[in-house]
Amino acid sequence: MATPAVLLRQNLPARAVLLLVHFLYSLVERLLLVFQRFQKRSRTESIRQEDDDSCWENRLGRESASVEYGVRGLTKVPAHLVVMLGPEEPDYRQLARFICWGLAAGVGHVSFYDHRGTLKRNHARVLEHMVRLPRADSDQIVWTAQLKPGLPIPPRNGYRRRLVVSFFSPHEDGRGQLVQTARTMGQELRDGRIGSSEDITIETVDRRQRDHFRDVPDPDLA
């Protein structure tokens, strides 16, 4: 007859397997519970976010209507507004809001400038907010960042309201652009595309700069 010690040794592998199975089952059960809680919370947050977006869109619609009504009493609306950003991270949703206000007010051009060039690199994030916003078929927004280099701003083509939106940075549109213009004109002079150095005038440089900025008018308000 086997002793208790022998029986214990004989049953030890089976008990170890049972303990392992029980541990794995408990672990899977706990992970499933955590996943279900996370999934439920994610759905709740998603619904809340949709509600927030819907409320924001409705509020923005009311604000735009208020802006459109308010400018009726003005004798002059700025043709070009420039928004200069500080060192903080851009609030892309708020910038989209400003664009809607500009469109409602009948402003022709809105330009955004930040000294780090963050907004110009990430301007698509502004577009992501704009595509979700309702807009009348008679309204048009032209994004100069989406136009091919050298092409002018397209004609209005019967739109009741049109807003041209541009993004500028100091490296590409400030001093760096002047340096690039000078280099290009110097190369054209060497290649013979510019007859002589006397043909390089202030008016010529100004024309090149205006072509780069697509003849956007000088800002009325910054």
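Residues numbered from 1 in each chain as written. Predicted model: local features only at pLDDT ≥ 70, side-chain atom pairs only at ≥ 80, totals over all residues. Heavy atoms only, no water.

In UniProt, the protein chain has this text filed under Cofactor (unreviewed entry): "Mg(2+)". For the record of the protein chain, the UniProt heading Subcellular location (unreviewed entry) holds the text "Endoplasmic reticulum membrane". (UniProt positions renumbered as here; feature names shortened; annotations may be inferred.)

Asker: I keep staring at the overall build of the protein chain and nothing clicks. Help me out?
Answerer: Tallying secondary structure elements over the protein chain gives 7 helices and 4 strands in all. Starting at the N terminus and walking to the C terminus, you meet the elements of the protein chain as α-β-α-β-α-α-β-β-α-α-α. Per-residue burial for the protein chain yields a buried fraction of 28% across its 222 residues. Long-range contacts, defined as pairs at least 24 residues apart, comprise 69% of the intrachain contacts of the protein chain with a sequence gap of at least 6. Accessible surface, the protein chain: about 15600 Å² in total, of which carbon and sulfur atoms supply 57%. (Helix = DSSP H or I, 4+ residues; strand = E, 2+ residues; numbered from the N terminus. Buried < 20%, exposed > 50% of the residue type's maximum accessible area, 1.4 Å probe, protein only. Contact = heavy atoms within 4.5 Å. Areas by Shrake-Rupley, 256 points an atom, 1.4 Å probe, with all protein chains shown as cover.)

Asker: What is the right way to look at the nonpolar core in this model?
Answerer: Nonpolar side chains tend to gather and get buried jointly when the protein is soluble and globular. Counting 26 residues, the largest nonpolar core has Ile99, Phe112, Leu119, Val126, Met130, Trp143 and Val165 as its most contacted members. Taken together, the elements giving at least two residues each to this core come down to α1 (4–70), β1 (80–84), α2 (92–105), β2 (109–113), α4 (124–130), β3 (139–143) and β4 (161–168). With 7 residues, the single largest contributor to this core is α2. Contact partners of tryptophan 143, with chain neighbours within four places excluded, come to Ile99, Val126, Leu127, Met130, Val165 and Phe167. (Core = buried A, V, L, I, M, F, W, Y, C linked by side-chain atoms within 4.5 Å.)

Asker: Explanation requested: the pairing of β3 in the structure shown.
Answerer: On a regular strand, each side chain points to the face opposite its neighbour's, so the side chains alternate between the two faces of the sheet. Taken across its 5 residues, β3 has 5 buried, putting it largely inside the fold. The side-chain alternation of β3 yields two buried faces, one formed by Asp139, Ile141 and Trp143 and the other by Gln140 and Val142. Pairing between β3 and β4: 5 bridges, direction parallel. When the sheet's bridge partners are listed, glutamine 140 is paired in β4 with arginine 162. (Pairing = 2+ DSSP bridges.)

Asker: How should I be thinking about the side chain of glutamine 140 in this particular structure?
Answerer: Mapped onto the elements, glutamine 140 comes out in strand β3. Since its relative accessible area comes to 14%, glutamine 140 is described here as buried. Sequence-distant contacts of glutamine 140, defined by excluding residues within four places in its chain, comprise Leu103, Pro155, Arg156, Tyr159, Arg161, Arg162 and Leu163.

Asker: Can you walk me through the pairing of β2 in this structure?
Answerer: With respect to burial, β2 is a largely interior element, 4 of its 5 residues being buried. In this sheet, β2 lies alongside β1 in parallel orientation, the contact comprising 5 bridges. When the bridges of β2 are listed, leucine 81 appears paired with valine 110. In this fold, the crossover linking β1 to β2 by way of α2 has right-handed handedness. Pairing of β2 with β4 involves 5 bridges; the strand directions are parallel. (Right-handed = clockwise from strand over helix to strand, strands pointing away.)

Asker: Explain the packing of aromatic side chains to me, please; I cannot follow it from the model alone.
Answerer: Geometrically, a pair of aromatic rings is defined through the distance of the ring centres and the angle of the planes. Going through the model one piece at a time under the given rule, you end up with 4 aromatic pairs. Centroid distance phenylalanine 112 to phenylalanine 167: 5.7 Å. Interplanar angle 20°. Geometry classified as stacked. Placement of phenylalanine 112 in strand β2 and of phenylalanine 167 in strand β4 is noted, with a sequence separation of 55 residues between them. Phenylalanine 167 carries the same exposure label as phenylalanine 112, and that label is buried. Feature note: the residues Phe98, Trp101, Phe112, Trp143 and Phe167 constitute an aromatic cluster, connected by ring pairs. (Phe/Tyr/Trp six-rings, centres within 6.5 Å; stacked < 30°, edge-to-face > 60°.)

Asker: Got a minute to help me understand the sheet that holds β4 in this structure?
Answerer: Across a sheet, paired strands are connected by hydrogen bonds in the backbone, their directions being either parallel or antiparallel. Across the sheet, 4 strands lie side by side as β1-β2-β4-β3; this open sheet has parallel pairing. Taken across any chain shown, the strands that pair with only one partner, and hence form the sheet edges, are β1 and β3. Between one strand axis and the next, the sheet turns by 20° as a mean value, whatever way the strands run. (Axes fitted to C-alpha atoms, helices over the stretch in contact; angles between N-to-C directions.)

Asker: Sorry, what's going on with the environment of valine 82 here?
Answerer: If you trace the backbone, valine 82 turns up in strand β1. For valine 82, a relative accessible area of 18% puts it in the buried group. The sequence separation of valine 82 and phenylalanine 112 amounts to 30 residues, and the corresponding C-alpha distance is 5.8 Å.

Asker: I keep staring at the pattern of salt bridges and nothing clicks. Help me out?
Answerer: Side chains that carry opposite charge are capable of pairing whenever their charged atoms lie near each other. Scanning all chains against the criterion turns up 5 salt bridges. As a salt-bridge pair, glutamate 68 and arginine 160 come within 3.5 Å of each other at their nearest N and O atoms. Residue glutamate 68 is found in helix α1, and its partner arginine 160 is found in the loop between β3 and β4; the two are separated by 92 residues along the sequence. As a salt-bridge pair, aspartate 139 and arginine 161 come within 2.7 Å of each other at their nearest N and O atoms. Here aspartate 139 is found in strand β3, whereas its partner arginine 161 is found in strand β4, with 22 residues between them in sequence. Each of the salt bridges in this network shares a partner with another, and the network as a whole consists of Glu68, Asp139, Arg160 and Arg161. (Salt bridge = Lys/Arg side-chain N within 4 Å of Asp/Glu carboxyl O.)

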